[in-house]
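# Structure assessment
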Amino acid sequence: MTESLITGSLEVLLVDDELDGIEPFVKKALQPLIDAGEITLRPMSRPIPALEYIRQKNPAVVLLDLNMRELTGHQIVEIVKGRRTRELRITVYGDPAFA
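Residues numbered from 1 in each chain as written. Predicted model: local features only at pLDDT ≥ 70, side-chain atom pairs only at ≥ 80, totals over all residues. Heavy atoms only, no water.

## Quick look at the overall build of the protein chain
Within the protein chain, the regular secondary structure consists of three helices and three strands. The secondary structure elements of the protein chain, listed N-terminal to C-terminal, are β-α-β-α-β-α. Buried residues in the protein chain amount to 30% of all 99 residues. Restricting to contacts in the protein chain with at least 6 residues of sequence separation, those with at least 24 account for 69%. Carbon and sulfur atoms make up 54% of the accessible area of the protein chain, which amounts to about 6600 Å² in all. (Helix = DSSP H or I, 4+ residues; strand = E, 2+ residues; numbered from the N terminus. Buried < 20%, exposed > 50% of the residue type's maximum accessible area, 1.4 Å probe, protein only. Contact = heavy atoms within 4.5 Å. Areas by Shrake-Rupley, 256 points an atom, 1.4 Å probe, with all protein chains shown as cover.)

Right, here's the structure in full:
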């Protein structure tokens, strides 16, 4: 998945420093909503620009990779905590050995 905007009404920000590895899963899960024009998917591969984007645009949903090198998903959540009304943490591992 490249960092290109897929347009709809509810904005979903996907932040993962390895976008290519997660593309098939996210796209398959969200494609019906994208096709229906219900969501906008904005993938970003760098956490610091993504953090700035969250501060400026306040997207409705943010999906974060927790283990990024520059800034972890946990750190981003702590920095923006309070800006969002709800927080739901879901952990998904690409390697079943870590699940």
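## Brief notes about the nonpolar core
Counting residues in hydrophobic clusters, the biggest one holds 11 residues: Leu13, Val15, Met44, Ala50, Leu51, Tyr53, Ile54, Met68, Leu71, Ile76 and Val80. Looking at this core, the elements that each hand over two or more residues are strand E1 (10-15), helix H2 (47-57) and helix H3 (73-80). Broken down by element, this core gets its largest block of residues, four residues, from H2. Discounting residues that sit within four places of it in the chain, Val80 has contacts with Leu51 and Ile54. (Core = buried A, V, L, I, M, F, W, Y, C linked by side-chain atoms within 4.5 Å.)

## So, the sheet that holds strand E3 (residues 61-64)
Within the open sheet, the three strands sit side by side as E2-E1-E3. Their pairing is parallel. The outermost strands of the open sheet, each flanked by one partner alone, are strand E2 (39-44) and E3. Each strand of the sheet is rotated relative to its neighbour by a mean of 15°, with strand direction disregarded. (Pairing = 2+ DSSP bridges. Axes fitted to C-alpha atoms, helices over the stretch in contact; angles between N-to-C directions.)

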